[in-house]
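Structure assessment
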Amino acid sequence: MDGAAVRLGGRTIWKDVDLTIGAGEYVALLGPNGAGKSTLLKAVLGVQPLSAGTVTVLGRRVRRGNDAIGYLPQRRWFDPDLRVRGIDLVRLGLDGSHWGLPLRRRRDWRRRVDDVIDLVGAGAYAHRSIGELSGGEQQRLLIAQALVTGASVLLLDEPLESLDLNNQQAISGLVRRVCREQGVTVLLVAHDVNPVLPHLDQVVYVARTRALSGRPADVIRTDTLTSLYEAPVEVLRTSDGRLLVVGQQETMSFHPQG
Amino acid sequence: MTSAASLLGELFEFHFMQNALLTGTVVAVLAGAVGYFVVLRGQSFAAHTLSQVGFPGAAAGVLVHASPLAGLLVFCVGAALGIGFAGRGLDAGRRDESAVVGTILAFSLGLGLLFARLYAGSVQGIYAFLFGTILGISDSATATTAALAAVCLVVLTAIARPLLFASIDPDVAQARGVPVRALSIAFLVLVAVAVAQTVQIVGTLLIFALLIAPAAAAQQVTSRPWVGLGLSVVLSLAFTWVGLTVAYFSIYPVGFFITTLAFGCYLMLRLLREARRRVLA
């Protein structure tokens, strides 16, 4: 991103954003509610027009419908009555933007769908209605959907939100595996940074119309976080050397938004 | 056996029955296919309103000495565009849309009241709009319906896959380059045209028998999208054919038989699914 800015409804969301993310990096996008984290993700996706600057992904200006980018929007649960199978949802990620009916049986496409479902470990329930599945199961299938085009960049908007602790760890482990083993660049918006913190290569902070980036150890510090959130935040180091971010209850438990 | 065959042969003897079966068939296919997406998108209320708008539409068509179908099309498509452009869709969910739909519904019923008065007491004509006139469809109306339905089916086939994507997963569909908003407006117009045609068969009041019930029943049976779409069409055809046949040999109206079949089938499949779920659980 080079000098990028976004204005929405006359308000500057962020401006002068310069960011470089290397291929295969695992990057978290952090910041207070409403700071424009999701907007930044959408700008990288090409859905959100910029008011200034440019965004380049894999050497090209961004545009909608890019097969190289997989996207998982901010939490959406499927209606329990939605009668569509998980595997259909994954398949739509591959060919859903094509016109006409899928009349020709594309064996290679079917294999890609099966492969990516195996990769996320959703084989056991991919043929059930998506609405009947648990949050963690739905999330795995949605990550499969984001990966199915052979994406080399994965944009995840709060993928751990409203999951229980086990599923948070499982999904965060899955994302790390995809990043390390498949060489996929991951840009992840997190509300709670702790589950992903040990794996990150880079942290991007969005706050007060600015975005700063750096290595986790440089940015995740009590003084930087406190000034970014404009509220007391403390960074602790556990006995095995992991960092842990602790904020005041009322500042850290807002409902997820942007 | 021979008597059954000759009885069925009798069905096709009269010209009005030929027209009824032909129109019924094309409309059933269209309603079944469009209805699948209506149910999937949770737009039953919009579809209901479009059918109610058909009532003043058909009355206006007759009042200005055009055909009822012309009036139906103008009013239904107009209402569809209104709902499509006023509803913000995507982010706002269906809440905003349902308020717009409700307002349009009230206005259309008011217009219906006015036109019924202007009709100067022709109860027969009003009855026809409310409950359909399948047994009295002219050759030209049959031809127009078939042509319109063919166009609708071609359009629906073309947009089916992105529409499915946009219906269940609009955010990702948008990111993948699907024109989500344009599709949602185009789809409402398709519903409007399908409704305008279905009104001729079962009337504005019983529209759900062909537009919603087959699709809802199909989705009780399968969660495979394309199988569900096909099954919805098959059920819609079955309700129409059986309804027309039974009605021919009885003194009771077609609309009653079609809706009863649709209701019975939906209820049975729903109970079966509940029972199976309980056994599995």
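Residues numbered from 1 in each chain as written. Chains lettered and ligands numbered in written order. Predicted model: local features only at pLDDT ≥ 70, side-chain atom pairs only at ≥ 80, totals over all residues. Heavy atoms only, no water.

Notes on the interface of chain B and chain A
Counted only if it meets this: A contact between two residues is defined here by any heavy atoms of the two lying within 4.5 Å. Buried area: the accessible surface (1.4 Å probe) lost by two parts on joining, summed over both. Note on definitions: salt bridges are taken to be side-chain nitrogens of Lys or Arg within 4 Å of carboxyl oxygens of Asp or Glu. N or O atoms closer than or at 3.5 Å make up a polar contact, with two conditions inside protein: a donor-capable atom paired with an acceptor-capable one, and, for residues adjacent in sequence, both atoms drawn from side chains. Only runs of H or I of at least four residues qualify as helices and only runs of E of at least two qualify as strands under DSSP, and these elements are numbered from the N terminus. Residues are grouped as follows: nonpolar covers Ala, Val, Leu, Ile, Met, Phe, Trp, Tyr, Cys and Pro; charged covers Asp, Glu, Lys and Arg; every other residue, Gly included, is treated as polar.
Tallying the contact residues gives 29 residues for chain B and 33 residues for chain A. At the boundary of chain B with chain A, total buried surface from both sides reaches about 2,800 Å², with 57% on carbon and sulfur atoms. Note that D95 of chain A and R161 of chain B form a salt bridge whose closest N and O atoms lie 2.8 Å from each other. Taken together, the links from chain B to chain A amount to twelve residue pairs in polar contact (both at pLDDT 80 or more). Elements with a minimum of two residues in the side of chain B that touches chain A: helix 7 (139-168), helix 8 (170-175), helix 11 (213-221) and helix 12 (225-248) of chain B. Ranked by residue count, the leading element in the side of chain B that touches chain A is helix 7 of chain B, at nine residues. Partitioned by chemical class, the residues of the side of chain B that touches chain A number 16 nonpolar, seven polar and six charged.

Here's the deal with the sheet that holds strand 9 (residues 185-189) of chain A
Strands belonging to one sheet form pairs held by backbone hydrogen bonds; the direction of such a pair is parallel or antiparallel. All names here are of chain A. For the record, the criterion: Two strands are said to pair when DSSP picks up at least two bridges between them. Each axis is a line fitted through C-alpha atoms, taken for helices only over the stretch in contact, and angles between the N-to-C directions span 0 to 180 degrees.
With mixed pairing, six strands are arranged side by side in an open sheet as 7-8-9-3-10-11. A strand with exactly one partner marks an edge of an open sheet, and here the two such strands are strand 7 (69-72) and strand 11 (210-214). Pairs of neighbouring strands in the sheet enclose a mean axial angle of 15°, with direction left out of account. Contacting strand 3 (26-30), strand 7, strand 8 (153-157), strand 9 and strand 10 (202-207), helix 1 (residues 37-45) crosses the sheet at an angle of about 155° to strand 8. In the packing of helix 7 (residues 222-229) onto the sheet, the strands contacted are strand 3, strand 10 and strand 11, and the crossing angle to strand 10 comes to about 30°.

What about the packing of aromatic side chains?
The condition that has to hold: Pairs were defined over the aromatic rings of Phe, Tyr and Trp, the Trp ring being its six-membered one, requiring ring centres within 6.5 Å. Orientation was assigned from the angle between planes: stacked under 30 degrees, edge-to-face over 60, tilted for the rest. The buried label applies to any residue whose accessible area, calculated with a 1.4 Å probe on protein chains only, is under 20% of its type's maximum; exposed applies above 50%, and partly exposed to all values in between. Put simply, a charge is over a ring when the Lys NZ or the Arg CZ is close to the ring centre, within 6 Å, and near the line of the ring normal, within 35 degrees.
Tallied over the entire structure, the rule returns six aromatic pairs over all chains. Seen from their ring centres, F14 of chain B and F16 of chain B are 5.9 Å apart, and the 35° between their planes marks the pair as tilted. Judged by relative accessible area, F16 of chain B falls into the partly exposed class, the value being 33%. Pairwise contacts between aromatic rings join Y36, F37 and F187 of chain B into one cluster. Taking NZ or CZ as reference, R106 of chain A lies 4.1 Å from the ring centre of W109 of chain A, over its face.

Considerations on the state of the cysteines
Residue and element names in this part refer to chain B. Rules: Cysteine sulfurs are considered disulfide-paired once they come within 2.5 Å of each other.
Taken as a whole and assessed by the stated rule, the structure comprises zero disulfides over all chains. The thiol of C76 is not disulfide-bonded; the next cysteine sulfur, from C152, is found 12 Å away. Overall, C76 belongs to the buried group, its relative accessible area being 0%.

Here we look at the sheet that holds strand 1 (residues 2-8) of chain A
All names here are of chain A. Pairing is antiparallel in the open sheet, where three strands are placed in the order 2-1-4. Single-partner strands in this sheet number two, and they are strand 2 (11-17) and strand 4 (52-54). Adjacent strand axes in the sheet meet at a mean angle of 25° when their direction is disregarded. Both strand 1 and strand 2 contribute to a ladder of four bridges, which runs antiparallel. Its bridge partner lying in strand 2, R7 is registered against T12. Each of strand 1 and strand 2 touches helix 1; the most contacted strand, strand 2, lies at about 60° to it.

Here's the deal with the nonpolar core
Nonpolar side chains tend toward joint burial in soluble globular proteins. Threshold: Here, nonpolar core refers to any group of buried Ala, Val, Leu, Ile, Met, Phe, Trp, Tyr and Cys residues whose side-chain atoms link them within 4.5 Å.
Formed by 142 residues in total, the largest nonpolar core has its most connected members in L30, L141, L188, Y205 and I220 of chain A together with F37 and V191 of chain B. Once you skip the residues sitting within four places of it in the chain, I220 of chain A turns out to touch L30, V193, L197, V203, Y205, L225, V235, L243 and V245 of chain A. Within the second largest apolar cluster, 27 residues are counted, among which are A4, L29 and A35 of chain A together with A175 of chain B.

Side note on the pattern of salt bridges
A full pass over the atoms with the stated rule returns nine salt bridges over all chains. Put simply, D95 of chain A and R91 of chain A hold a salt bridge, and the shortest N to O gap is 3.1 Å. Of this pair, D95 of chain A and R91 of chain A both sit in helix 2 (residues 86-95), four residues apart, roughly one helical turn. Overall, R91 of chain A belongs to the partly exposed group, its relative accessible area being 21%. The salt bridge partner of E274 of chain B is R270 of chain B, with a shortest N-O separation of 3.9 Å. Of this pair, E274 of chain B and R270 of chain B both sit in helix 13 (residues 254-280), four residues apart, roughly one helical turn.

A few points about the packing of helix 3 (residues 44-63) of chain B against helix 9 (residues 180-202) of chain B
Residues and elements named next belong to chain B. Threshold: Comment on the angle field: the value is read as roughly parallel under 35 degrees, roughly antiparallel over 145, roughly perpendicular from 65 to 115, and oblique elsewhere. Take the far helix as your reference; a near helix turned counterclockwise from it by less than a right angle gives a left-handed crossing, and one turned clockwise gives a right-handed crossing.
At a closest axis distance of 9 Å, the pairing of helix 3 and helix 9 adopts a crossing angle of 50°. Relative to helix 9, the element helix 3 lies oblique. Along this stretch, helix 3 crosses helix 9, giving a crossing that reads as right-handed. Here A46, A47, L50 and S51 of helix 3 lie close against helix 9, whose contacting residues are L188, V191, A192, V195 and V199.

Regarding helix 11 of chain B
All names here are of chain B. For helix 11, the buried fraction is high: eight of the nine residues fall into the buried class. Within the sequence span of helix 11, burial applies to A213, P214, A215, A216, A217, A218, Q219 and Q220. The elements touched by buried residues of helix 11 are helix 2 (15-41), helix 10 (208-211), helix 12 and helix 13.

Side note on the confidence of the model for chain B
For clarity, the cut-off: Confidence of the predictor at the level of single residues is captured by pLDDT, which takes values from 0 to 100.
Scored by pLDDT, chain B has a mean of 86; 94% of the residues are at 70 or more. For this predicted complex, the interface confidence reaches an ipTM of 0.84, while the overall pTM sits at 0.87.

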